[in-house]
Amino acid sequence: MRSQFRIILLAASLLIGPVQAQVVISTGGWPPFLTPDQKHFGFIAHLISDVFAESGIVVEYRLVPWRRAYVGTVSGEYDATAVWMDAPDRHDDMLYSDPILDERFVFFHRADQAFEWQEFSDLSGLKLAGVLGYSYGPAFDAAVEAGVLDIEWVASEASTVNMLLAGRIDAYPQEINVGYFNISRTVRPEAAAQITHHPKALLVNKSYLLLPRSAPDSEALLGEFNAQLQAFRDTGRYQSYFDAFETGDYELDTAEPTTEPVSQPD
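When its secondary structure is counted, the protein chain shows nine helices and eleven strands. The buried share of the protein chain, reckoned over its 266 residues, is 48%. Accessible area of the protein chain: about 12500 Å², with a carbon and sulfur share of 52%.

Right, dumping it as structure tokens:
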């Protein structure tokens, strides 16, 4: 939906009630939060869609590489992009929503092996793995750069899981929900049971919906979104999406398509 048309619809909704409009949101995918492998394209995608729906706006997701998701949103190809951590170099391009998600990163390790840490120096001498292109926070990145941490960069999360089970690494960092989701998709339950996590968080990160500053209606759209998101929090509806995920309500039957509009990359 183009911006002039959308702002007219938003204004009309304030005068005559909800008017159905559309926003196109780009994402690189972040299982289980945003993924076609879960109902509603993931529970965070479902939350975002329902927040917009309160203003009569339908969401369509475009699953593209992360770089394209960002650049395409800045250029106006997409109306918004989800979800991103805060970074100073994005502020000139983007408006940030209120926080949508708190991501908690931990170290995963084998359940039958002792693993303890409080400072990154405690991990000196251990073999770690991480996914290429990921950042696990400034402190972690600095420890890698300083040579405190010995890390092997690999192409996928599945590789870190298999390397851990094979004894080729001692631990790997990942967001706790993402980590367990990927473990369950990579190995059988009996192998998954051999992996656990250390309770100490190495990073707690807030994630946001980003809208382009260049679009004249982004501020109005963001105001609508933030107001409805706060209402979800105030009524407890926000937490219900997390609870539903924990109880497995977003598991997708193999014959069942996702119910959210999703466009795959060309």
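Looking now at the packing of helix H8 (residues 218–235) against helix H9 (residues 237–246). Taken N-terminus to C-terminus, the directions of H8 and H9 make an angle of 75°; their axes are 5 Å apart at the nearest point. For the element pair H8 / H9, the angle class is roughly perpendicular. Across the interface between the two elements, Leu229, Phe232, Arg233 and Thr235 from H8 touch Arg237, Tyr238 and Tyr241 from H9. Among the residues making up the contact of H8 with H9, the classes are represented as four nonpolar, one polar and two charged.

Using the criterion set out here, one finds 24 aromatic pairs in the structure. Judged by centre distance (5.2 Å) and plane angle (75°), the ring pair of Phe43 and Phe242 falls under edge-to-face. Highlighted residues: Phe43 in helix H2 (residues 43–53) and Phe242 in helix H9, separated in sequence by 199 residues. Classification of Phe242 by relative accessible area gives buried; the value is 16%. An angle of 10° between the planes, with centres 6.3 Å apart, marks the rings of Tyr136 and Trp153 as stacked. Placement of Tyr136 in the loop between strand E6 (127–131) and helix H4 (138–145) and of Trp153 in strand E7 (residues 150–154) is noted, with a sequence separation of 17 residues between them. The buried category is assigned to Tyr136, whose relative accessible area is 1%. In this structure Trp153 comes out as partly exposed when scored by relative accessible area, which is 34%.

Right, let's talk about the pattern of salt bridges for a bit. Taken as a whole and assessed by the stated rule, the structure comprises eight salt bridges. For the salt bridge of Glu54 with Arg237, the shortest nitrogen-to-oxygen distance reads 3.2 Å. Remark: Arg237 occurs in helix H9 and Glu54 occurs in the loop between H2 and strand E2 (57–63); sequence separation between them is 183 residues. The partly exposed category is assigned to Glu54, whose relative accessible area is 39%. Classification of Arg237 by relative accessible area gives partly exposed; the value is 32%. Across the salt bridge formed by Glu60 and Arg62, the nearest N and O atoms sit 2.9 Å from each other. We classify Glu60 as buried; its relative accessible area is 14%. The partly exposed category is assigned to Arg62, whose relative accessible area is 27%. Connected through salt bridges with shared partners, the residues Asp50, Glu54 and Arg237 form a single ionic network.

In this model, Pro31 is joined to Pro32 through a cis peptide bond whose omega is 5°. Its location among the elements puts Pro32 in the loop between strand E1 (21–27) and H2. Here the residue pair Ala82 and Val83 is connected by a cis peptide bond, since its omega of -25° sits within 30 degrees of zero. By the secondary structure assignment, Val83 is in strand E3 (residues 80–85). Here the phi dihedral of His40 falls at roughly 60°; this positive angle occurs in a residue that is not glycine. One non-glycine residue with positive phi stands out, namely Phe41, at about 65°. Here Phe41 lies in the loop between E1 and H2. By relative accessible area, which is 0% here, Phe41 ends up buried.

Moving on: the packing of H2 against H9. At a minimum axis separation of 10 Å, H2 and H9 run at an interaxial angle of 155°. Accordingly, the angle class assigned to the pair H2 and H9 is roughly antiparallel. For H2 against H9, the interelement crossing comes out right-handed. Contacts between H2 and H9 pair Phe43, Ile44, His46, Leu47 and Asp50 from the former with Arg237, Tyr238, Tyr241, Phe242 and Phe245 from the latter. Residue composition of the contact of H2 with H9, by class: seven nonpolar, one polar and two charged.

Conventions and cut-offs
- Residues numbered from 1 in each chain as written.
- Predicted model: local features only at pLDDT ≥ 70, side-chain atom pairs only at ≥ 80, totals over all residues.
- Heavy atoms only, no water.
- Helix = DSSP H or I, 4+ residues; strand = E, 2+ residues; numbered from the N terminus.
- Buried < 20%, exposed > 50% of the residue type's maximum accessible area, 1.4 Å probe, protein only.
- Areas by Shrake-Rupley, 256 points an atom, 1.4 Å probe, with all protein chains shown as cover.
- Axes fitted to C-alpha atoms, helices over the stretch in contact; angles between N-to-C directions.
- Parallel < 35°, antiparallel > 145°, perpendicular 65-115°, else oblique.
- Contact = heavy atoms within 4.5 Å.
- Nonpolar A, V, L, I, M, F, W, Y, C, P; charged D, E, K, R; others polar.
- Phe/Tyr/Trp six-rings, centres within 6.5 Å; stacked < 30°, edge-to-face > 60°.
- Salt bridge = Lys/Arg side-chain N within 4 Å of Asp/Glu carboxyl O.
- Left-handed = near helix turned anticlockwise from the far one by under 90°.

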